[in-house]
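Here is what each chain is made of, one letter per residue.
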Amino acid sequence: MNRKTRFYLTIALAILLFVLVRAWSPIMQFIQQIQHGRATTVTTTHVTGVVTPTPPFQPNSAPSSSGNGQIGSASGETQAANAVFNQINAARAQAGLAALQWSNMLVNSAHKHNLAMIAANQLSHQLPNEPELGTRISQAGVNWTLAAENIGESSDYLDPPDAATSLDQAMLDEKPPDDGHRQNILSNAAIIGIDVLVDTQNQKVWLTEDFARTA
């Protein structure tokens, strides 16, 4: 092997090593998250427009989990939702924004969506045979001009408040241009509904945050 060939081979190996190191780093981070029960996924959607809501049903003041053997303690879930609510309003205050008001109608919408995600064991803003976000919020009785949603899942199902607030904090920590969750939290929405469900069957915590501004 001549000197020129060895030179090019050395360059090629250096490039290959760089690519492998870049690829290995996120893999190791994910493995560490799994080991600590902290693997999380979040996704966001945002829609604006004016709709005429369908005749609303009467929402429950505090939707509770059904006793089907796969959903955890309602008290822990309520505590988690309240913790996320306080965290969001603290972030808004720090940004000089008005606090969001709690909406039981949006809680009902978020709760139904969490149940749909649990049934499918899938993180998605729209499951098969489920209305899209704007329609869901309208069906909950909200006459909205802005609607947005953040959803997330965590494997830290043994500590719902920590799992939910960690998911929300990950959203707040986003940086432009990939900061859709953060933009929803710091938007000009006026009301919010937050639902947290512990899915013991799939060992997950599901979080849905529904935001709206009313007409």
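Please refer to the structure higher up on the page.
Reading guide: rules and limits
- Residues numbered from 1 in each chain as written.
- Predicted model: local features only at pLDDT ≥ 70, side-chain atom pairs only at ≥ 80, totals over all residues.
- Heavy atoms only, no water.
- Helix = DSSP H or I, 4+ residues; strand = E, 2+ residues; numbered from the N terminus.
- Buried < 20%, exposed > 50% of the residue type's maximum accessible area, 1.4 Å probe, protein only.
- Contact = heavy atoms within 4.5 Å.
- Areas by Shrake-Rupley, 256 points an atom, 1.4 Å probe, with all protein chains shown as cover.
- Core = buried A, V, L, I, M, F, W, Y, C linked by side-chain atoms within 4.5 Å.
- Salt bridge = Lys/Arg side-chain N within 4 Å of Asp/Glu carboxyl O.
- Phe/Tyr/Trp six-rings, centres within 6.5 Å; stacked < 30°, edge-to-face > 60°.
- Pairing = 2+ DSSP bridges.

Enquirer: Hey, could you run me through the overall build of the chain in this one?
Expert: The secondary structure content of the chain amounts to six helices and five strands. Taken from N to C terminus, the helices and strands of the chain fall in the order α-β-α-β-α-α-β-α-α-β-β. Across the 215 residues in the chain, those meeting the buried criterion constitute 40%. Nonlocal contacts in the chain, meaning residues at least 24 apart in sequence, comprise 76% of its contacts between residues at least 6 apart. Working note: accessible area of the chain is about 11600 Å², and carbon and sulfur atoms make up 56% of it.

Enquirer: When you look at the nonpolar core in this model, what are you seeing that I'm missing?
Expert: A general tendency of soluble globular proteins is for nonpolar side chains to be buried together. By size, the foremost hydrophobic cluster in this structure holds 23 residues, and its most contacted members are I88, I192, I194, V196 and F211. Among the secondary structure elements, those contributing two or more residues to this core are α2 (74-94), β3 (144-154), α5 (160-172), β4 (191-199) and β5 (204-214). Excluding its chain neighbours within four sequence positions, the residues that come into contact with I192 are F85, I88, L100, Q101, W102, S103, L106, D210 and F211. Ranked by size, the runner-up nonpolar core spans eight residues in total, among them V142, W144, I191 and A212.

Enquirer: Just to check I follow, could you spell out the pattern of salt bridges for this structure?
Expert: In a structure, side chains of opposite charge can pair up when their charged atoms sit close to one another. Here the structure, examined in full by the defined rule, presents four salt bridges. With a closest N to O distance of 3.1 Å, K204 and E153 form a salt bridge. Within this pair, whereas K204 is found in strand β5, its partner E153 is found in strand β3, the two being separated by 51 residues in sequence. In this structure, a network of salt bridges that share partners links the residues E130, R136 and E149.

Enquirer: Would you mind showing me how to read unusual backbone geometry here?
Expert: For residues other than glycine, phi is negative in most cases, and the peptide bonds are mostly trans. The step from P176 to P177 runs through a cis peptide bond, and the omega angle for that step is 5°. Unlike most non-glycine residues, N121 shows phi in positive territory, near 50°. Looking at the secondary structure, you find N121 in the loop between α3 (104-120) and α4 (133-139). The class for N121 is partly exposed, based on a relative accessible area of 35%. The phi angle at N129 is positive, at roughly 70°, despite the residue not being glycine. Relative to the assigned elements, N129 resides in the loop between α3 and α4. Given a relative accessible area of 87%, N129 falls into the exposed group.

Enquirer: Looking at this structure, how should I read the packing of aromatic side chains?
Expert: Any two aromatic rings considered together are summarised by their centre-to-centre distance and by the angle between their planes. On inspection of all chains with the given rule, the structure shows one aromatic pair. Ring centres 5.1 Å apart and planes at 85° place the aromatic pair F85 and W102 in the edge-to-face group. Here the residue F85 occupies a position in helix α2, and W102 occupies one in strand β2 (residues 101-102), the gap between them amounting to 17 residues. For F85, a relative accessible area of 17% corresponds to the buried category. Classification of W102 by relative accessible area gives partly exposed; the value is 33%.

Enquirer: What's the story with the pairing of β3 in this structure? I'm lost.
Expert: It is a general feature of regular strands that their side chains alternate between the two faces of the sheet. Buried residues dominate β3, accounting for 10 of its 11 residues. Two strands pair when backbone bridges link them, and β3 and β5 are joined in this way by 10 bridges, in the antiparallel orientation. Considered in β5, the bridge of E149 is made with D210.

Enquirer: Is there a simple way to think about the pairing of β4 in this case?
Expert: Within β4, nine of the nine residues are buried, which leaves it mostly tucked inside the rest of the structure. Where burial is concerned, the two faces of β4 agree: the one with I191, G193, D195, L197 and D199 and the one with I192, I194, V196 and V198 are both buried. Bridge count for β2 against β4 is two bridges, and the pairing is parallel. Across the sheet, the residue bridging to Q101 is I191, located in β4. Inspection of the sheet shows β4 paired to β5 by nine bridges, in the antiparallel sense.

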